[in-house]
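# Chain and residue survey
Listed below, chain by chain, are the residues.
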Amino acid sequence: MGIQTTEQQHINATTFRVLVALSVIHCMNDALQSVVSASYPIIKNDMGLSFKQIGYITLTYQMAASVFQPLIGLLFDRKPSAISLPFGMTCTLAGLLSLAFSDTLAMTLGSVFMVGIGSSTFHPEASRLTYLASGGKRGLAQSIFQVGGNFGSALGPLMVAAIVAPHARTNIAYFAILSGIALLVMTPVCRWYNRRLRTFSSAVHPQTGVRTLPYPLGRTIITIIVLLLLIFSKYVYLTSLTSYFTFYLIEKFDVTIQHSQIFLFIFLIATAIGTIMGGSLGDRIGRKYVIWISILGTAPFSLLMPHVGLEMTAVMSFCAGLILSSAMPAILVYAQELLPYKLGLVSGLFFGFAFGVAGIASAILGKEADIHGIEMVYNVCAYMPLLGIIAVFLPDLKKRI
């Protein structure tokens, strides 16, 4: 007992390679996605935009990357297809090429909309494949997948600082090379998924054989609402950093655009480390407790950050990113285990809601920054992690599955 057969070892090795490939693809996808927000200072200067207009750009991108996610997830729940990942990457590629040469606000909005559609297609489907390849270690698998995205998001600002900022916005077109590499890496993953589709009559949830929900539908809905409120808290604060942190540093500490990108990288790399920690801890101690600690535990650092100097701002942003990012793998797997039949819908709903909250928050925060100043935004948003207290209402799902 406990000894794996040769066939089981082969299956585990194969699925681990799939998880690593998905993480690498996620890294490249989110690096390309983060080019949009990392290019905001350049776009703002080139086109003479206000913070409010930058907020509209983010809103357009985030809505394209959010509203369509649960719809696409539901579509592929019903009719799964391996073409979904290449289709999403192709949309991202087209959007970035257009963004590189756009000269009007309308064209810029259309460009970021296409990039958002790419994200909207990629995330629910890749998250479904991650679940199917998890071998039961769902938190760890989701962390492996998501940490690729975190590293990609962290690399995006550095790539913009190195390739775009010293030269011209048209250099965004060079990122088409990364899109092509991502499409090549997708090839074996799509082949693996095609084999799964031929093996199982339904690729939505073939592994577990679960036929009942862990809780009655009413309690399941209430629990999902609590999870969405926690996502709201997390992503309002996260948006204040990802969208406006560079502007905050430039205005308050008079750093250069390139230096501000390095500080953004420090924050984003912390989110990558926290993501790995959160998924593994969720498998061990229960996802409820990881969710509770990660969101509420961010509050001391978020509350202190607006009142410290440049060096301590870097430290506080690193600590906040490390703790806060551990929540997302736990929240997503928790929701998938609540509704195991609808992996695409659940993944799309939570990724989509996260992006939607980020988009709306960005537009509102941009308008407030124009009126009251960027420092006020950080003083207000610092209180958002305190909403993590409502995690007390989450049932301990680990005892039910």
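An account of the accompanying structure is given in this report. (Residues numbered from 1 in each chain as written. Predicted model: local features only at pLDDT ≥ 70, side-chain atom pairs only at ≥ 80, totals over all residues. Heavy atoms only, no water.)

A few words now on the overall build of the protein. Per the secondary structure count, the protein includes 17 helices and zero strands. Judged by the C-alpha coordinates and their principal axes, the protein covers about 65 × 45 × 35 Å. Within the span of the protein, comprising 401 residues, buried residues form 57% of the whole. Residue pairs in contact within the protein that sit at least 24 positions apart in sequence constitute 85% of those at least 6 positions apart. Roughly 16100 Å² of accessible area belongs to the protein as shown, and the carbon and sulfur atoms make up 68% of that amount. (Helix = DSSP H or I, 4+ residues; strand = E, 2+ residues; numbered from the N terminus. Buried < 20%, exposed > 50% of the residue type's maximum accessible area, 1.4 Å probe, protein only. Contact = heavy atoms within 4.5 Å. Areas by Shrake-Rupley, 256 points an atom, 1.4 Å probe, with all protein chains shown as cover.)

On to the packing of aromatic side chains. Evaluated as defined, the whole model comprises eight aromatic pairs. Summarising the aromatic geometry, the rings of Tyr 244 and Phe 247 are spaced 6.2 Å apart at their centres and angled 40° between planes, so their arrangement reads as tilted. Aromatic ring contacts, followed pair by pair, group Phe 245, Tyr 248, Phe 253 and Tyr 378 into a single cluster. The ring of Phe 51 has Lys 44 lying over it, and the distance from NZ or CZ to the ring centre is 4.9 Å. The aromatic ring of Tyr 235 is capped on one face by Lys 234, whose charged end is 5.2 Å from the ring centroid. (Phe/Tyr/Trp six-rings, centres within 6.5 Å; stacked < 30°, edge-to-face > 60°. Lys NZ or Arg CZ within 6 Å of the ring centre and 35° of its normal.)

Here the focus is a nonpolar patch on the surface. Taken together, the side chains of Ile 273, Met 277, Leu 281, Ile 285, Tyr 289 and Ile 293 present a nonpolar region at the surface, about 520 Å² in accessible area. Mapped by element, the contributors of at least two residues to the nonpolar patch are α11 (257–285) and α12 (287–296). For the nonpolar patch, the element with the highest residue contribution is α11, accounting for four residues. Among the structural elements, Ile 273 can be located in helix α11. (Patch = residues over 30% accessible without salt bridge, like charges linked within 9 Å, V, L, I, M, F, W, Y side chains within 5 Å. Salt bridge = Lys/Arg side-chain N within 4 Å of Asp/Glu carboxyl O.)

What follows deals with the environment of Ile 163. Mapped onto the elements of the fold, Ile 163 is located in helix α7 (residues 138–164). Judged by relative accessible area, which is 27%, Ile 163 ranks as partly exposed. Ile 163 has contacts with Asn 171, Tyr 174 and Phe 175, leaving out every residue within four places of it along the chain.

Let us now look at the nonpolar core. If you look at the biggest cluster of nonpolar residues, it comprises 107 residues, and the most contacted ones within it are Leu 227, Leu 230, Phe 245, Ile 291, Ile 331 and Phe 350. Every residue in contact with Leu 227, bar those within four places of it in the chain, is listed here: Ile 291, Ile 331, Tyr 334, Ala 335, Leu 338, Phe 350 and Leu 394. (Core = buried A, V, L, I, M, F, W, Y, C linked by side-chain atoms within 4.5 Å.)

Where helix α3 (residues 51–64) contacts helix α6 (residues 105–132), the axes come no closer than 6 Å and their chain directions differ by 30°. Compared by their axis directions, α3 and α6 come out roughly parallel. Crossing handedness for the pair α3 and α6: right-handed. Between α3 and α6, the contacting residues are Gln 53, Tyr 56, Ile 57, Thr 60, Tyr 61 and Ala 64 on the first element and Leu 105, Thr 108, Leu 109, Val 112, Phe 113, Val 115, Gly 116, Ile 117, Ser 119 and Ser 120 on the second. A breakdown of the residues in the contact of α3 with α6 according to their chemical character gives ten nonpolar, six polar and no charged. (Axes fitted to C-alpha atoms, helices over the stretch in contact; angles between N-to-C directions. Parallel < 35°, antiparallel > 145°, perpendicular 65-115°, else oblique. Left-handed = near helix turned anticlockwise from the far one by under 90°. Nonpolar A, V, L, I, M, F, W, Y, C, P; charged D, E, K, R; others polar.)

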